[in-house]
Amino acid sequence: MDRVLVKIQGFDVDSFTFEQAVDWAYTHHGQIVTINPEMISAAHSNPEFSKIIKNAELVVADGIGVEIGLKILGHNIKRIAGIDLGKALIEKYTNNGKSVAMIGAKPGVVDYAISNLLKEYPTLNVVYSHDGYFNEDTEILDSVVSANPDLVLVALGSPKQEFFINDLKNKLPNTTLIGLGGSFDVWAGVVERAPKIYQKLGLEWLYRTIKEPQRFKRIFPTLPLFVLKVLKERLSK
């Protein structure tokens with residue numbers, strides 16, 4: 001199975017189905033980027049972040065805005081929610097006797113997340129964990145390398161988590177690494193995930209904005225501007 005890439009706003013996105021993305025991540029390792037309009041916007045003004053995304057081993061369309069944008073450009077690619085991909089990877093790696101590391105979230109949250117995941121996956125082997133509150137990356141990076149996990153889940157928020165993973169991946173060439181934003185909070189039970197109907201319609205961002213109005217400034221005007229830029233990209237072809 002080869003990567004088939006499509007381009008949006010200067011960035012390649014993989015056209016894998018959910019199951020194909022899981023299999024690719026398991027067999028090929030490297031950095032997974034779950035791309036959304038906010039990340040694309042940030043990368044356009046941050047060359048280093050842009051380079052990290054472009055050098056990732058797997059880029060999936062996480063945000064509904066990216067799915068819509070790809071449709072505008074003629075690509076029928078379904079979004080792959082990072083939280084779902086992360087959970088599927090935990091299941092696959094655990095079922096195959098592989099080890100996991102988890103870094104991120106507030107103090108205590110990662111421990112609750114692991115505790116809840118162990119109820120679902122009793123053989124889950126977490127060889128390293130740490131909250132996301134640290135000032136110096138070096139010590140944490142060295143500890144993860146020493147633990148030598150097969151799968152690393154990082155929930156530091158973007159773009160911090162992508163930079164952290166980029167620093168780590170060359171030291172762990174046989175490891176799969178993915179940034180998962182607020183997923184640990186959901187797995188820990190401290191944040192409620194959007195109801196299934198919101199998930200199905202790709203409107204988790206709307207549900208979270210309703211629950212956390214402070215997110216509004218982050219979503220708007222980024223999302224509508226992104227769609228307008230994609231429309232312009234489509235018309236220029």
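Keep in mind that what you see is a predicted model, and the values were worked out from it rather than measured.

### Points about the packing of helix α2 (residues 37-44) against helix α13 (residues 222-235)
Following both chains from N to C, one finds α2 and α13 inclined at 75 degrees, their axes separated by 9 Å at the closest point. Looking at the two axes, α2 sits roughly perpendicular to α13. Contacts between α2 and α13 pair P37, E38, I40 and S41 from the former with T222, L223 and F226 from the latter. By residue class, the composition of the contact of α2 with α13 is 4 nonpolar, 2 polar and 1 charged.

### Let's talk about the packing of helix α1 (residues 18-28) against helix α5 (residues 82-95)
Between α1 and α5, the shortest axis-to-axis distance is 10 Å and the interhelical angle comes to 55 degrees. Classified by the interaxial angle, the pair formed by α1 and α5 is oblique. As α1 runs across α5, the sense of the crossing is right-handed. Contacts from F18, A21, V22, D23, A25 and Y26 in α1 reach D84, L85, A88, L89, K92 and Y93 in α5.

### What about the sheet that holds strand β3 (residues 30-35)?
Taken in spatial order, the 6 strands line up as β4-β3-β8-β7-β5-β6 in an open sheet, and their pairing is parallel. Lying at the two open borders of the sheet, with one neighbouring strand each, are β4 (58-61) and β6 (125-130). Averaged over all pairs of adjacent strands, the angle between strand axes in this sheet comes to 20 degrees, irrespective of strand direction. Pairing between strand β7 (residues 151-155) and strand β8 (residues 176-179): 4 bridges, direction parallel. Paired with V152 across the bridge in β8 is L177.

### Concerning the pairing of β6
As judged from the 5 bridges shared by strand β5 (residues 99-104) and β6, these two strands associate in the parallel manner. In the sheet register, V100 faces β6, and the bridge partner there is V126. Each parallel crossover has a hand, and for β5 linked through helix α6 (residues 109-120) to β6 it is right-handed.

### Side note on the pattern of salt bridges
Scanning the entire structure with this criterion turns up 10 salt bridges. A salt bridge links K7 to D12, with the shortest nitrogen-to-oxygen separation between them at 3.0 Å. K7 sits in the partly exposed class, given a relative accessible area of 43%. A salt bridge links R79 to D62; its shortest N-O distance comes to 3.5 Å. Here the residue R79 occupies a position in the loop between α4 (64-72) and α5, and D62 occupies one in the loop between β4 and α4, the gap between them amounting to 17 residues. Put simply, D62, R79, D84, R193 and E204 are held in one network by salt bridges that share partners.

### What about the nonpolar core?
Across soluble globular proteins, you tend to see nonpolar side chains buried next to one another. Core analysis: the largest hydrophobic core is formed by 35 residues, its most contacted members being L85, L89, M102, L153, F184 and W187. Setting aside residues up to four positions removed in sequence, F184 forms contacts with M102, I103, G104, A105, V109, V110, A113, L153 and A155.

### A few points about the environment of G182
Residue position: G182 is located in the loop between β8 and α9 (183-188). When its relative accessible area of 34% is taken as the criterion, G182 is described as partly exposed. For the pair G182 and G104, spaced 78 residues apart in sequence, the C-alpha separation works out to 8.8 Å.

### Some details on the side chain of Q161
Turning to its location among the elements, Q161 is positioned in helix α8 (residues 160-169). Among the polar contacts listed, one links the side chain of Q161 to the backbone nitrogen of L156, at a separation of 3.2 Å. Filtering out sequence-adjacent residues up to four positions away, Q161 remains in contact with V154, A155, L156, G179, L180 and G181.

### Quick notes on the packing of aromatic side chains
Per the counting criterion, the structure on display carries 6 aromatic pairs. With a centroid separation of 4.9 Å and an interplanar angle of 70 degrees, the aromatic rings of Y26 and Y93 are classed as edge-to-face. Remark: Y93 occurs in helix α5 and Y26 occurs in helix α1; sequence separation between them is 67 residues. In this structure, Y26 and Y93 share a single accessibility class: buried. Geometry around Y26 places K92 over its ring, the cationic atom sitting 5.2 Å from the centre.

About the criteria used
Residues numbered from 1 in each chain as written. Predicted model: local features only at pLDDT ≥ 70, side-chain atom pairs only at ≥ 80, totals over all residues. Heavy atoms only, no water. Axes fitted to C-alpha atoms, helices over the stretch in contact; angles between N-to-C directions. Helix = DSSP H or I, 4+ residues; strand = E, 2+ residues; numbered from the N terminus. Parallel < 35°, antiparallel > 145°, perpendicular 65-115°, else oblique. Contact = heavy atoms within 4.5 Å. Nonpolar A, V, L, I, M, F, W, Y, C, P; charged D, E, K, R; others polar. Left-handed = near helix turned anticlockwise from the far one by under 90°. Pairing = 2+ DSSP bridges. Right-handed = clockwise from strand over helix to strand, strands pointing away. Salt bridge = Lys/Arg side-chain N within 4 Å of Asp/Glu carboxyl O. Buried < 20%, exposed > 50% of the residue type's maximum accessible area, 1.4 Å probe, protein only. Core = buried A, V, L, I, M, F, W, Y, C linked by side-chain atoms within 4.5 Å. Polar contact = N/O pair within 3.5 Å; in protein donor to acceptor, adjacent residues only side chain to side chain. Phe/Tyr/Trp six-rings, centres within 6.5 Å; stacked < 30°, edge-to-face > 60°. Lys NZ or Arg CZ within 6 Å of the ring centre and 35° of its normal.

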